[in-house]
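A structural walkthrough
In case you want the letters, here they are:
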Amino acid sequence: VLKRQALEDAEKLRELDREKTSFFQNVSHELRTPLTLILNPLEQASARHAGDESIALASRNARRLLRLVNQLLDFQKLEAGKKSIELTPVDLTKFIRVCGDYFASACSSKDVEFHVVHGAGINTNDDGVFIRGEVDALEKVAFNYLSNALKFTPRGGRVELGVELEGVSPPMVKLYVRDTGPGISVEGQDKLFKVF
């Protein structure tokens, strides 16, 4: 009797998981269509008004939102075993500049200083600092840290996104976010990266 109950419970959990996956796929598909319809006029407006930073910012963020929706779809494929992680060379010096472009205006509107820092061991005249990774996943982690830093940093504070080299053989690359906010509680630290 217990074995049969355990099998029934396991089947119910599998069914719930299938429903959850289907729900996320449907929502992601439904979000992608209006985002595409928003992006096209934004791209056209951006081309017509090349100097308008507000339009450029809206366009960048709409593209980022579309990438996030696509990531949701990819995540579902990954969970279902229909997609594998593809590691490619990522230049972290360029990566932090791009992330910085997204966050500079948000920090400015909250009266928070924002800096992109090429720290110890990084020569910006070099060809870059490369790692093998998946840029969308790295972006998601960096944006979560930057969003939290901005959220908890008081007006007049500072947020810093940086990359630096540590050690020599082999050198280790450190990507970091620092801020003048209160920091992450011990309970919060235990939850870091569980989703990722």
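The structure presented is a predicted model; accordingly, all values stated were derived computationally and were not measured.

What follows is about the overall build of the protein. Counting its secondary structure elements, the protein contains five helices and five strands. Starting at the N terminus, the α and β elements of the protein follow one another as α-α-β-α-β-β-α-β-β-α. Within the protein, the proportion of its 196 residues that are buried is 26%. By sequence separation, contacts in the protein at least 24 residues apart represent 70% of the contacts at least 6 residues apart. Put simply, the protein shows about 13100 Å² of open surface, and 57% of that area lies on carbon and sulfur atoms. Of the side chains in the protein, 27 bear a positive and 28 a negative charge, and the two mean positions are spaced by 4 Å.

For the rest of this paragraph, the subject is the sheet that holds strand S5 (residues 172-179). Spatially, the three strands line up as an open sheet ordered S2-S4-S5, and their pairing is mixed. With one partner strand each, in any of the chains shown, strand S2 (113-118) and S5 form the two edges of the open sheet. Strand-to-strand twist in this sheet, taken as the mean axis angle between neighbours without regard to direction, amounts to 10°. Its contacts with the sheet place helix H3 (residues 92-109) against S2, strand S4 (158-166) and S5, and it is angled at close to 175° to S2.

Interpretation of this model should avoid reading the predicted coordinates in detail wherever pLDDT is low. Predicted confidence across the protein gives a mean pLDDT of 82, with 91% of residues reaching 70 or more. Helix H5 (residues 186-191) is the least confidently modelled element of the protein, averaging 78 in pLDDT, while strand S1 (residues 88-91) averages 92, the highest of any element.

Criteria and cut-off values
Residues numbered from 1 in each chain as written. Predicted model: local features only at pLDDT ≥ 70, side-chain atom pairs only at ≥ 80, totals over all residues. Heavy atoms only, no water. Helix = DSSP H or I, 4+ residues; strand = E, 2+ residues; numbered from the N terminus. Buried < 20%, exposed > 50% of the residue type's maximum accessible area, 1.4 Å probe, protein only. Contact = heavy atoms within 4.5 Å. Areas by Shrake-Rupley, 256 points an atom, 1.4 Å probe, with all protein chains shown as cover. Lys, Arg positive; Asp, Glu negative; His and termini not counted. Charge placed at Lys NZ, Arg CZ, Asp CG, Glu CD. Pairing = 2+ DSSP bridges. Axes fitted to C-alpha atoms, helices over the stretch in contact; angles between N-to-C directions. pLDDT = per-residue confidence, 0-100.

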